[in-house]
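# Analysis of the macromolecular model
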Amino acid sequence: MKKKWTAAILAAILAVTALPAAASAEKKEELTKVTLNEVAHSIFYAPQYVAVEEGYFAEEGLDLELVTGFGADKVMTAVLSGEADIGFMGAEASIYAFQEGANDPVVNFAQLTQRAGNFLVAREEMPSFTWEDLKGHKVLGGRKGVGHLAM
């Protein structure tokens, strides 16, 4: 009987001492919240979207919130106001903000694409297209401020 009580007491002691260790092991690492404001939702950012969906940012301790700003001016405003931590936009937005006297100008730290992903689509096939063909025609840009509306 004494062995049973001793075993029960030892089991209770082990359970009590192991409980905090188990609780801390189950406690998930707290993620750092980061808001990323992209200038447009684009196929050129596909690797980023895959990384978000596959949980790669979370694996690195980041809780990434992805927001689409719909224009470099809006992305820059979000970054400068603290609404976004990171902005994906062209470097010219940083230059404009600096020239306008931003007290704490943003820093460009990455090149998002190797080449510009701009393209032109027509309703009809134009096998011998030249830029001169656009004169006098309306061109619809992808978003406000991206392309000329009249050539």
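Our subject is the structure listed above.
What you see is a predicted model; the values in this text were computed from it and never measured. (Residues numbered from 1 in each chain as written. Predicted model: local features only at pLDDT ≥ 70, side-chain atom pairs only at ≥ 80, totals over all residues. Heavy atoms only, no water.)

### Some points on the packing of helix α4 (residues 72–81) against helix α5 (residues 92–99)
- Two numbers describe how α4 lies on α5: the axes approach to 10 Å, and their chain directions differ by 60 degrees. In terms of axis orientation, α4 runs oblique to α5. Between α4 and α5 the crossing geometry is right-handed. Seen from α4, the contacting residues are A72, M76 and L80; seen from α5, they are A93, S94 and A97.
- Counted by class, the contact of α4 with α5 contains five nonpolar, one polar and no charged residues. (Axes fitted to C-alpha atoms, helices over the stretch in contact; angles between N-to-C directions. Helix = DSSP H or I, 4+ residues; strand = E, 2+ residues; numbered from the N terminus. Parallel < 35°, antiparallel > 145°, perpendicular 65-115°, else oblique. Left-handed = near helix turned anticlockwise from the far one by under 90°. Contact = heavy atoms within 4.5 Å. Nonpolar A, V, L, I, M, F, W, Y, C, P; charged D, E, K, R; others polar.)

### Comments concerning the sheet that holds strand β1 (residues 32–38)
- Overall, parallel pairing links the three strands, which are arranged β2-β1-β3 in an open sheet. The sheet terminates laterally at β2 (62–68) and β3 (86–88), the two strands that pair on one side only. This sheet shows a mean twist of 25 degrees between the axes of neighbouring strands, independent of strand direction.
- Two strands pair when backbone bridges link them, and β1 and β2 are joined in this way by seven bridges, in the parallel orientation. In the sheet register, T35 faces β2, and the bridge partner there is E65.
- This element, α4, spans β1 and β3 of the sheet and lies at about 170 degrees to β3. (Pairing = 2+ DSSP bridges.)

### Quick word on the pairing of β1
- Among the seven residues in β1, five count as buried, and that is most of the element.
- One ladder, built from three bridges, connects β1 with β3; its direction is parallel. Across the sheet, E38 pairs through a bridge with F88, a residue of β3. (Buried < 20%, exposed > 50% of the residue type's maximum accessible area, 1.4 Å probe, protein only.)

### Considerations on the side chain of E38
- In this structure, E38 sits in strand β1.
- Among the polar contacts listed, one links the side chain of E38 to the side chain of T68, at a separation of 3.1 Å.
- Sequence-distant contacts of E38, that is, excluding residues within four places in its chain, are made with Y45, Q48, Y49, L66, V67, T68, G69, F70, V75 and F88. (Polar contact = N/O pair within 3.5 Å; in protein donor to acceptor, adjacent residues only side chain to side chain.)

### Quick notes on the pattern of salt bridges
- One pass over the structure, following the stated rule, counts three salt bridges.
- Between K74 and D73 there is a salt bridge, with the nearest N and O atoms lying 3.8 Å from each other.
- Accessibility expressed as a relative area gives 44% for K74, which makes it partly exposed.
- Notably, a salt bridge pairs K135 with E132, separated by 3.1 Å at the nearest N-O pair. Grouping residues by exposure puts K135 and E132 together as exposed. (Salt bridge = Lys/Arg side-chain N within 4 Å of Asp/Glu carboxyl O.)

Remember that the coordinates give geometry; whether it matters functionally is a separate question.
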